[in-house]
Amino acid sequence: MESPKIPFDPATAKAPTSWKGLSVLLALVGAGLAAGAWFIQKDHSRFAHAYLVGFMLVALIGTGALMFVMLQQLSRAGWSVSSRRIAEGWMSSLFLLVLLFIPLVLLAKQGHLYAWLTDFGAAAVKNAGNIPDADRLAAHVHHMSEKKAFWLNESSWLARSAFYLVAWVILAALILRRSFATDVADKEGAAANTTFIGKLSAPGIPLLGLTLTFASFDWVMSLQFDWYSTIFGVIHFADSMVLIASLLIISVACIQGKGLMKGAVNVEHKHDLAKWLFAFNTFFAFVSYAQFIIIWFADIPEETVWYHRHAADGWSLLGWISLFGHFFVIFFLLMSRHMKRNHFVTVLVSIWAILMAIVHLYWEIMPTMGYPVPHAAGPFGVQLADILVIAGLLTLSFAAFLFTLSGRNLVAVGDPRLQEGLKFENY
Amino acid sequence: MSTTEKVWGVVSRFDNPTDILAAAEKARAQGYKKIDVHSPFPIHGIEKAIGVKATPLPWISLLGGTIGCLVAWYFQYWTTKDYPMIISGKPGLLDSTPAWFVIVFCFTILLCAFATLGGFMVLNDFPKFYSPLHKIKGFERATDDQFFLVVSAADPQFDQRKTRDFLAQIGGQDVTVVTD
């Protein structure tokens, strides 16, 4: 069912200030869920990996929102103006990410995450006993520690991570500040602020592209330190775009359900958001398959090691879910124009897409538990504590969204392209 | 005009998009169904004003893409089944399937593009070297700065005189009856 078009009512643009209280409550709930997971999870390495899944989810939401906003501002897009403020709200996940990085460092320093932080897992290999080819594995680990320690060591990892986080926070803070300024500024002031964000986006986009790629290398790919794939960060970028499109569709539906943002985002804008989701979901499948087929074709042991690890002990199930659930389901559901313009379909698909992004991150991260000891991750299984910590971090991200937009305009009412955006139509 | 020639339709000229949009809406309101507009550039909202129906082209594209996908997969299966690629640790027939997807992907796109182009040509009667409209003096300005509203003689409500008067009444200039 297409929702009917009604004119934009600026009186419904402002979010209630009660969102602040709600966000504090949600933050407590989110932190409580994550803390609860820590207490019920005896296996701290498993907790650390599940925490990393949640951390990456928040990182991808934040960077996806930042990339979305910068792309729209740089291309001077009209269609996205009325929903862009919502994306700017989700950008606040990047501030949250700085806080969430502290537990990650603590977990990593205790040796729960990255084998290279200590001795590249040499001790673990020795203690594991009874592993086939133990000598060869030990020699391999030793070789890796000699070759890779210049990049994978604690101080340079921390310095690079700090650089990514600082770059993202500065970009997000500048954009948010200037964007809020357009709400109260006069016409010239609003135009100047909008131009500033556009100009900032020009260097911002390549900066974000590179930092997201390297952050994916440092935070996720290095879990399996002897494996490398240059497209690894691009897969995360694709997922970040899927996430932000889904979140925008769901957020707008919820907010409009509360009687806010009346008429600001109509079926034409939702149609375009669904196109965005469809396009980047297909792109996700494309780059994931590209990574797989290049490795599969050559069949060189040092490259196939990742897929072996992630297919062993039943973990391949998640890979199949990624292929069919992430790609095919969304691809066929959203192919038709009528489906993209259907309010219920797009919201349901968006919820599914977020779930699939989580499944994909879970598949990338969880099977590396106990790396490089073979089969150390154990058979495939999902534990309650894993779900709790991921749900907790997602709740925190939502709390940051509510906190940022509380009492603010949910539509960039001062944006010079707002009228153009409201009139926009898919011919 | 010779009486033996068949009447094809009535054409009128407008000199701006706003007028022709209003005129097209009036013609629709009057009950005319087979109307067409010739304009040098796309006019927003004109497809609603003249009642253009949703095109079946996406279905033709989907059909082409599906055929491309299946044909490409089957072709590789057919050529491989008697000569399996027993290299790089992929001894089984279906073990080679991932390698086929690149061809499947490209062939899906290729046939989808062919179907879309072919469907577009057929649905629009392309290529079309002749139209009775070419006989009208000044019609070439439809590619420059003038706008033409055509009511086809195939319209159930078409009446040579009444339609001509109607077009003049709603502001059409140089109202002409066109013969085939």
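A. Region of interest: the overall build of chain B. Helix and strand content of chain B: 5 helices and 4 strands. Listing every helix and strand of chain B by position from the N terminus yields β-α-β-α-α-α-β-α-β. Relative to its length of 180 residues, chain B is extended, with a C-alpha radius of gyration of 25 Å against a globular reference of 16 Å. On the principal axes, the C-alpha backbone points of chain B span a range of 80 × 35 × 30 Å. For chain B, buried positions account for 32% of its 180 residues. Only carbon and sulfur atoms are counted for the fraction: they give 64% of the accessible area of chain B, which is about 11,300 Å². Chain B carries 17 positive and 17 negative side-chain charges, and their two centres are separated by 5 Å.

B. Region of the structure containing the packing of helix H4 (residues 93–109) of chain A against helix H15 (residues 384–405) of chain A. All names here are of chain A. Where H4 contacts H15, the two axes come as close as 9 Å, and the packing angle between them is 135°. Taken together, the axes of H4 and H15 lie oblique to each other. By crossing handedness, the relation of H4 to H15 is classed as right-handed. Contacts from Ser-93, Leu-96 and Leu-100 in H4 reach Leu-393, Leu-396, Ser-397 and Ala-400 in H15. Tallied by class, the residues present in the contact of H4 with H15 amount to 5 nonpolar, 2 polar and no charged.

C. Up close: the domain arrangement of chain B. Once the domains are mapped, chain B shows domain 1 (7–53 + 131–179) and domain 2 (57–123). Placing the centre of domain 1 of chain B and that of domain 2 of chain B at their C-alpha centroids yields a distance of 45 Å.

D. Looking closely at the nonpolar core. Residues Phe-55, Ile-86, Tyr-114, Trp-168 and Trp-219 of chain A are the most contacted members of the largest nonpolar core, which totals 141 residues. Of the residues forming this core, the biggest block, 19 residues, is contributed by helix H2 (residues 44–74) of chain A. Excluding residues that lie within four positions of it along the chain, Ile-86 of chain A makes contacts with Leu-248, Ser-251, Val-252, Ile-255, Met-261, Phe-401, Leu-405 and Leu-410 of chain A. With 21 residues, the next largest nonpolar core counts Ile-20, Ala-27, Ile-46 and Phe-158 of chain B among its residues.

E. Structural detail: a positive patch on the surface. A cluster of basic residues, Arg-28, Lys-33, Lys-34 and Lys-53 of chain B, forms a positive patch on the protein surface. Residue class for Lys-53 of chain B comes out exposed when judged on its relative accessible area of 73%.

F. View of the state of the cysteines. All names here are of chain B. Applying the stated criterion across every chain yields a total of 0 disulfides over all chains. Free of any disulfide, Cys-106 has its nearest neighbouring cysteine sulfur in Cys-69, separated by 12 Å. Relative accessible area serves as the criterion here: at 43%, Cys-106 is assigned to the partly exposed category.

G. Up close: the layout of surface pockets. Residues and elements named next belong to chain A. When its volume is computed, the second largest pocket comes out at roughly 710 Å³. Contributing elements (two or more residues each) for the lining of the second largest pocket: helix H6 (134–148) and helix H11 (301–311). Top contributing element to the lining of the second largest pocket by residue count: H11, with 6 residues. By residue class, the composition of the lining of the second largest pocket is 11 nonpolar, 4 polar and 7 charged.

H. Just a nonpolar patch on the surface, in detail. Residues and elements named next belong to chain B. A surface patch of nonpolar side chains, about 560 Å² in accessible area, is lined by Trp-73, Tyr-74, Phe-75, Trp-78 and Leu-94. When you line up the elements, Leu-94 lands in the loop between helix H3 (57–80) and helix H4 (97–123). The class for Leu-94 is exposed, based on a relative accessible area of 53%.

I. Region of interest: the interface of chain A and chain B. With 10 residues of chain A in contact, the opposing surface of chain B contributes 15 residues. Summed over both partners, the interface of chain A with chain B buries about 950 Å², with 70% contributed by carbon and sulfur atoms. It is Tyr-289, Trp-296 and Tyr-427 of chain A in chain A that bury the most area against chain B; as a group they hold 53% of the surface buried on that side. Notably, a salt bridge pairs Glu-425 of chain A with Lys-48 of chain B, separated by 3.3 Å at the nearest N-O pair. Residues belonging to the side of chain A that touches chain B are distributed by class as follows: 8 nonpolar, no polar and 2 charged.

J. Looking closely at the side chain of Arg-417 of chain A. Residue and element names in this part refer to chain A. As for its position among the elements, Arg-417 is in the loop between H15 and helix H16 (418–423). In this structure Arg-417 is buried but unpaired, with Asp-415 as the nearest side chain of opposite charge at 4.4 Å. Here the side chain of Arg-417 touches Gln-73 through a polar contact of 3.2 Å, side chain to side chain. Excluding anything up to four places from it in sequence, Arg-417 contacts Gln-72, Gln-73, Arg-76, Ala-77, Gly-78, Val-81 and Thr-194.

Thresholds applied
- Residues numbered from 1 in each chain as written.
- Chains lettered and ligands numbered in written order.
- Predicted model: local features only at pLDDT ≥ 70, side-chain atom pairs only at ≥ 80, totals over all residues.
- Heavy atoms only, no water.
- Helix = DSSP H or I, 4+ residues; strand = E, 2+ residues; numbered from the N terminus.
- Rg over C-alpha atoms; globule rule 2.2 N^0.38 Å.
- Buried < 20%, exposed > 50% of the residue type's maximum accessible area, 1.4 Å probe, protein only.
- Areas by Shrake-Rupley, 256 points an atom, 1.4 Å probe, with all protein chains shown as cover.
- Lys, Arg positive; Asp, Glu negative; His and termini not counted.
- Charge placed at Lys NZ, Arg CZ, Asp CG, Glu CD.
- Axes fitted to C-alpha atoms, helices over the stretch in contact; angles between N-to-C directions.
- Parallel < 35°, antiparallel > 145°, perpendicular 65-115°, else oblique.
- Left-handed = near helix turned anticlockwise from the far one by under 90°.
- Contact = heavy atoms within 4.5 Å.
- Nonpolar A, V, L, I, M, F, W, Y, C, P; charged D, E, K, R; others polar.
- Domains from an automatic or database assignment.
- Core = buried A, V, L, I, M, F, W, Y, C linked by side-chain atoms within 4.5 Å.
- Patch = residues over 30% accessible without salt bridge, like charges linked within 9 Å, V, L, I, M, F, W, Y side chains within 5 Å.
- Salt bridge = Lys/Arg side-chain N within 4 Å of Asp/Glu carboxyl O.
- Disulfide = S-S within 2.5 Å.
- 1 Å grid on protein atoms, 1.4 Å probe; cavity = no way out; pocket = protein on both sides within 12 Å on 5 of 7 lines; lining within 4 Å.
- Points joined across faces, edges and corners; volume = space filled by probe spheres on them.
- Buried area = accessible area lost by both parts, 1.4 Å probe.
- Polar contact = N/O pair within 3.5 Å; in protein donor to acceptor, adjacent residues only side chain to side chain.

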